[in-house]
Number of protein chains: 2
Amino acid sequence: MANKNGVEWSIRLGDGSSKVLEPETKHGVMRLWDCLKGLVYRFVGRVWTFFKKAWDLGVDDPKKFFHCLKVGVALLLVSLFYYFRPLYDGVGGSAIWAVMTVVVVFEYTVGGTLYKCLNRICATFLAGFLALGIHWIASHSGHQFEPYIMGISLFLLASATTFSRFIPVVKARYDYGCTIFILTYSLVSISGYRVEHLLHIAHERVSTIIIGTCLCIITSMVVFPVWAGLELHLLIPRNMDKIAKSLDCCVADFFGHDDEESKKSLHGYKCALNAKFSEENMANFARWEPAHGRFNFRHPWKNYLKIGTSSRRCAYCIETLTSCLDSKNQVPESIKKHLESACMNLTTSSSNVIRELATVVSTMTKSRKINMAIDDMKNAVLELQNDLKTLPDLLIQRHDDKEEKQVASSEVTMMPLIEVMPLVSFASLLIETASRIEENMVKTVEELAESAKFKQPEEDVKPKRNQTTNKIVLADEENMAVLQRV
Amino acid sequence: MANKNGVEWSIRLGDGSSKVLEPETKHGVMRLWDCLKGLVYRFVGRVWTFFKKAWDLGVDDPKKFFHCLKVGVALLLVSLFYYFRPLYDGVGGSAIWAVMTVVVVFEYTVGGTLYKCLNRICATFLAGFLALGIHWIASHSGHQFEPYIMGISLFLLASATTFSRFIPVVKARYDYGCTIFILTYSLVSISGYRVEHLLHIAHERVSTIIIGTCLCIITSMVVFPVWAGLELHLLIPRNMDKIAKSLDCCVADFFGHDDEESKKSLHGYKCALNAKFSEENMANFARWEPAHGRFNFRHPWKNYLKIGTSSRRCAYCIETLTSCLDSKNQVPESIKKHLESACMNLTTSSSNVIRELATVVSTMTKSRKINMAIDDMKNAVLELQNDLKTLPDLLIQRHDDKEEKQVASSEVTMMPLIEVMPLVSFASLLIETASRIEENMVKTVEELAESAKFKQPEEDVKPKRNQTTNKIVLADEENMAVLQRV
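Worth saying up front: this structure is predicted, and the values here are computed from it rather than measured.

### What about the overall build of chain A?
No. 1: From N to C terminus, chain A includes 18 helices and six strands.
No. 2: Here chain A, with 486 residues, has 48% of them falling under the buried criterion.
No. 3: Restricting to contacts in chain A with at least 6 residues of sequence separation, those with at least 24 account for 76%.
No. 4: Accessible surface, chain A as shown: approximately 25,500 Å² in total, 61% of it carbon and sulfur.

Next comes the structure, spelled out in structure tokens:
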């Protein structure tokens, strides 16, 4: 029952026959139906994509799933105060503050939770006592002055505290505390004017807040803890590795050794470029964390930020380097060949140094190999510079083969410098990258190694198994070979 | 009464004579005194420095002072609900929620305040209704199941909402709403189990929250408003100007035309490098703001972010450029002289383009001059490339003046390319900067101009005053001169 324009709609009449509906009506209904179907499909599609993305996000980092479960568990635990009578009778009606504390204070990392908990407790105490004190003064200065004294003190304290949040140090460490300070001060000072049992209320509120914070701290520290310090400790070397990989891929691309995989990793340096904010955030939280794993309480987290900054400086260079790739085809192949091995050497040795530094950071052990790797890089720089020195000979297109033998130097023409410019600036950017690695990255990692007292590398390999020994001998032979080549 | 070691301490005895204290005692006391004095001085010094810095911060940007006063005023206004009986009787005991709303919701920018207010209101409504609905279901499924249904729903919703905060879009737009959703849901669902007058409480709470948010919105929009959109609109061209200034200073420094002032502005580009987070923040807040000044409700704030990104790409280049300054003295003066004028030209025209683009953004008016400025820059690139092409002739140290006239080209030695490398890579970085300006900055500013429907430039100057006319004629003459030179 279908014609070319779509499905026909018919209705069965009372006498058993059926009547085909008019095409005009059909089209109207069909259009509405299609439209609705399209809307529903699109909606379902978008919701599906959203959930797919969310699921991938969680699968990518299961710690995020655990965090959500932890929040649920903490809330359930604190709501037990309400659900079961005995507990309820103990803490009274302000158990609501315990719930609120859990919701507001529970953060992804232990450091974040501790930062908020400690800020909340200290600010509540401070503001509470201050409010009680000023309330006492106000109540002794006559009933008619009381609202004015309270009002003016509220205005002044709120303004001053709000202003202090603009100061970078306060913002980084006590921002949440400032909010809670204003909140508590205004609540207590206002309630103080209305409610008689002020001390009782204050006691109740403080005790419930302490219950909430303790619950949060315990949950976040005991159940699958996510330490901000550890996250930072993992992020920094991960970004360094990405930079090394990018450098490798960029140079491989320039000399035509690129494949699909390297094209993907080429832009890994961007992670380092954009990591500043999250690094600073993690370092801020990490300072609140107690000793955990291999980190002491006063682990020098600031040094990690310095390494991050120096990595970014390398990443800037690589970013500029990638833009040379656009003009790589301008350079004549013969000239490219001349510098290729030196460039590749320098790249390999530079990325080796970065990787070695990343290993130093992630294993928290000084490296025996790092000095050799740096020397290797320096030698590669010299090698490239030497090759650059001999480049002009290549550039001169000798006219010896020509028949006419004239004396004038006018005959000696040169390949246009402009053609080799991309290569020259590529090479000089590589040298600059190497110098940034040496001057910034190596230095900042050394500073961290000093201030965090990294372990000394194990003394020269006391061979336990044959297999290991073989490997080490091989590695040393390679090192010797490198030295001899240099 | 002082000896060389310090002030002598003496005590007056009962008979009127005085006894000088023993030096040993003196020294002990003196040391303690000095120590104390030092501590107090240091403490006062640090406090003084802190306040000095804070004061400078405020003087530097008086809007911050105003913001603090606004917070104080808003808190005072809301506390009037408590201080004066008539109002108190109207809104009841949960006026505390109005105070809390003001403290938590009041942000520096109008957009920030609106974001928090709208999130708070919507999340409160949504969570409130959901909690009431589930509470109704639970209460109809038997008394023994009620806590389990409420507990499980709380656990599931809290976990899911917490997870959604990891999704970037949700994080950027509804982060605060998620917190409030969990908070309200847990409060209402828990109170629901205990308190009979649930609807009454819900109504009271919603009305006080609305009072608080309205107060915040009005205060932040009427009294010295700080619009996130306007701040972003000012920040972007300011950073572009800084980049232009940095570029000028960097090149001036390379060719030895630097002075004290230019050394200061050399690192201005760093502001652009570090502005990513605050730009994104402002754009996020700006999308909540109503039409204000020259901006409509749906002003394309995203395009500002694109301009920010393209500015940063230029800044990366300039960052690499500054590191060429270390090796500027390697380059022989004669060679430097050869490229100086072309480099300076390119720099001037590049920074002109950047400044012109900045003016386009800040005045929201398309520019008549921009195309000419871009052509100017392109021509300067060609000029520099030409000069680079003739560079090799300079590099060949001609031996014509020597006595021996031999034919071989072996005689034609070259100045080592390595010496001019800093200059060559400097020039190629300049060219790269120019291409980034043209490909990224110009394009993103044009996109903004299109989507925000920037005004057309005024038709050719109908001279009103003689002075103006003169100036314009002069400017046109200059333009002609540029064109002719090209």
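This is not the end of the story, as more comes after the structure.
### Some points on the interface of chain A and chain B
No. 1: Facing the 80 residues of chain A at the interface are 80 residues of chain B.
No. 2: Counting each side, the surface lost to burial between chain A and chain B is near 7,800 Å², with a carbon and sulfur contribution of 78%.
No. 3: Joining chain A to chain B, the criterion identifies four salt bridges.
No. 4: A salt bridge links R436 of chain A to E319 of chain B; its shortest N-O distance comes to 2.7 Å.
No. 5: Taken together, the links from chain A to chain B amount to 13 residue pairs in polar contact (both at pLDDT 80 or more).
No. 6: When grouped by side-chain class, the residues that make up the side of chain A that touches chain B number 50 nonpolar, 19 polar and eleven charged.

### A word on the relation of the copies chain A and chain B
No. 1: Between the two copies, chain A and chain B, the superposition gives an RMSD of 0.1 Å; the rotation angle is 180 degrees and the shift along the axis is 0.0 Å. Here the symmetry operator amounts to a two-fold rotation axis. When C-alpha positions in chain A are compared against the rotation axis, the closest is assigned to S425 of chain A, at 2.3 Å.
No. 2: Of the residues that chain A buries at the interface, 100% are likewise interface residues in chain B, meaning the two copies contact each other through the same surface.

### Describing the environment of I437 of chain B
Residues and elements named next belong to chain B.
No. 1: Turning to its location among the elements, I437 is positioned in helix α16 (residues 417–451).
No. 2: Overall, I437 belongs to the buried group, its relative accessible area being 0%.
No. 3: Residues I437 and I354, 83 residues apart in the sequence, show an inter-C-alpha distance of 7.3 Å.
No. 4: Apart from the residues within four sequence positions on either side, I437 is in contact with C314, S350, V353, I354, M377 and V442.

### Remarks on a nonpolar patch on the surface
No. 1: Together, V40, F43, V44, V47, F50 and F51 of chain A make up a nonpolar patch on the protein surface, roughly 570 Å² of accessible area in all.
No. 2: Structurally, V40 of chain A can be placed in helix α1 (residues 23–60).

### Section: the packing of helix α14 (residues 333–363) of chain A against helix α15 (residues 370–389) of chain A
A pair of packed helices is captured by two measures, namely the crossing angle of their axes and the spacing between those axes.
Residue and element names in this part refer to chain A.
No. 1: Between α14 and α15, the least distance of the axes is 8 Å, while the angle of their chain directions is 160 degrees. Between α14 and α15, the angle is such that the two are roughly antiparallel. For the pair α14 and α15, the sense of crossing is left-handed. Facing α14, whose interface residues are H338, L339, S341, A342, C343, N345, L346, S349, S350, V353, E356 and L357, α15 presents I370, A373, I374, D376, M377, A380, V381, E383, L384, D387 and L388.
No. 2: Looking at the contact of α14 with α15, its residues break down into 14 nonpolar, five polar and four charged.

### Here we look at unusual backbone geometry
Residues and elements named next belong to chain A.
No. 1: Even without a glycine there, the phi angle at F224 is positive, about 40 degrees.
No. 2: Tracing the backbone through its elements, the reader meets F224 in the loop between α8 (198–222) and α9 (228–254).
No. 3: A positive phi is found at M364, a non-glycine position, where the angle reads about 55 degrees.
No. 4: Summarising the element assignment, M364 is placed in the loop between α14 and α15.

### Looking at the pattern of salt bridges
Residue and element names in this part refer to chain B.
No. 1: Considering all chains together, one arrives at 32 salt bridges over all chains under this definition.
No. 2: A salt bridge links K337 to E340; the nearest nitrogen and oxygen atoms lie 3.5 Å apart. Separated by three residues within a single helix, K337 and E340 lie in helix α14 (residues 333–363), roughly one turn from each other.
No. 3: In this structure E340 comes out as buried when scored by relative accessible area, which is 14%.

### So, the confidence of the model for chain A
Should the pLDDT be low somewhere, the predicted coordinates at that spot are not to be read in detail.
Residues and elements named next belong to chain A.
No. 1: Looking at chain A as a whole, the pLDDT averages 80, with 79% of positions reaching at least 70.
No. 2: Low confidence marks residues 398–411, where pLDDT is under 50. Its contacts with residues over four positions away, or in another chain, come to twelve contacts.
No. 3: Confidence drops under pLDDT 50 across residues 461–486; counting only partners more than four residues distant or on other chains, this segment forms eight contacts.

### Quick word on the environment of A74 of chain B
No. 1: Secondary-structure assignment places A74 of chain B in helix α2 (residues 62–83).
No. 2: Relative accessible area serves as the criterion here: at 0%, A74 of chain B is assigned to the buried category.

### Points about helix α13 (residues 301–322) of chain B
No. 1: Between its first and last C-alpha, α13 of chain B extends 31 Å over 22 residues, near the 32 Å set by a 1.5 Å rise per residue.
No. 2: Extensive coverage of α13 of chain B is indicated by the burial of 17 of its 22 residues.

### As for the packing of α9 of chain A against helix α12 (residues 276–286) of chain A
Residue and element names in this part refer to chain A.
No. 1: Contact geometry for α9 and α12: axes closest at 8 Å, N-to-C directions at 150 degrees. Classified by the interaxial angle, the pair formed by α9 and α12 is roughly antiparallel. Crossing geometry of α9 relative to α12 is assigned as left-handed. The residues of α12 that touch α9, namely those facing A228, G229, E231, L232, L235, I236 and N239, are S278, E279, M282, A283, F285 and A286.
No. 2: Each residue belonging to the contact of α9 with α12 can be placed in one class, and the counts come to eight nonpolar, three polar and two charged.

### Considering the packing of aromatic side chains
No. 1: The final tally for this structure, using the stated rule, is 32 aromatic pairs over all chains.
No. 2: Consider the rings of Y108 of chain A and F166 of chain B, whose centres lie 5.2 Å apart with planes at 75 degrees: the pair is edge-to-face. Of this pair, Y108 of chain A sits in the loop between α4 (95–105) and α5 (110–139) while F166 of chain B sits in the loop between α6 (146–164) and α7 (168–194), placing the two residues on different chains.
No. 3: The buried category is assigned to Y108 of chain A, whose relative accessible area is 18%.
No. 4: Here the aromatic rings of F125 of chain A and F129 of chain A are separated by 6.1 Å at their centres, their planes lie at 25 degrees, and the arrangement is stacked.

### Thoughts on α14 of chain B
All names here are of chain B.
No. 1: For α14, spanning 31 residues, the distance from its first C-alpha to its last is 43 Å, which sits close to the expected 45 Å at 1.5 Å a residue.
No. 2: L339 marks where α14 bends most, by close to 40 degrees.
No. 3: One or two steps after α14, the chain reaches M364, where phi turns positive at roughly 55 degrees.

### Some details on the side chain of T320 of chain B
No. 1: Its location among the elements puts T320 of chain B in helix α13.
No. 2: When near neighbours in sequence (up to four residues on either side) are disregarded, T320 of chain B contacts Y316, C317, T320, L429 and R436 of chain A together with L429 of chain B.

### Side note on the state of the cysteines
No. 1: The full count for this structure, using the stated rule, is zero disulfides over all chains.
No. 2: Free cysteine: C117 of chain A, not disulfide-bonded; nearest cysteine sulfur from C216 of chain A at 5.3 Å.
No. 3: Residue classification places C117 of chain A among the buried residues on the basis of a relative accessible area of 0%.
No. 4: Of all cysteine sulfurs, the one in C314 of chain B lies closest to C317 of chain B, which takes part in no disulfide; the gap is 6.9 Å.

Reading guide: rules and limits
- Residues numbered from 1 in each chain as written.
- Chains lettered and ligands numbered in written order.
- Predicted model: local features only at pLDDT ≥ 70, side-chain atom pairs only at ≥ 80, totals over all residues.
- Heavy atoms only, no water.
- Helix = DSSP H or I, 4+ residues; strand = E, 2+ residues; numbered from the N terminus.
- Buried < 20%, exposed > 50% of the residue type's maximum accessible area, 1.4 Å probe, protein only.
- Contact = heavy atoms within 4.5 Å.
- Areas by Shrake-Rupley, 256 points an atom, 1.4 Å probe, with all protein chains shown as cover.
- Buried area = accessible area lost by both parts, 1.4 Å probe.
- Salt bridge = Lys/Arg side-chain N within 4 Å of Asp/Glu carboxyl O.
- Polar contact = N/O pair within 3.5 Å; in protein donor to acceptor, adjacent residues only side chain to side chain.
- Nonpolar A, V, L, I, M, F, W, Y, C, P; charged D, E, K, R; others polar.
- Least-squares fit on C-alpha atoms with pLDDT ≥ 70 in both.
- Patch = residues over 30% accessible without salt bridge, like charges linked within 9 Å, V, L, I, M, F, W, Y side chains within 5 Å.
- Axes fitted to C-alpha atoms, helices over the stretch in contact; angles between N-to-C directions.
- Parallel < 35°, antiparallel > 145°, perpendicular 65-115°, else oblique.
- Left-handed = near helix turned anticlockwise from the far one by under 90°.
- pLDDT = per-residue confidence, 0-100.
- Expected span 1.5 Å × (residues − 1).
- Phe/Tyr/Trp six-rings, centres within 6.5 Å; stacked < 30°, edge-to-face > 60°.
- Bend = angle between axes of the 7 residues up to and from the residue.
- Disulfide = S-S within 2.5 Å.

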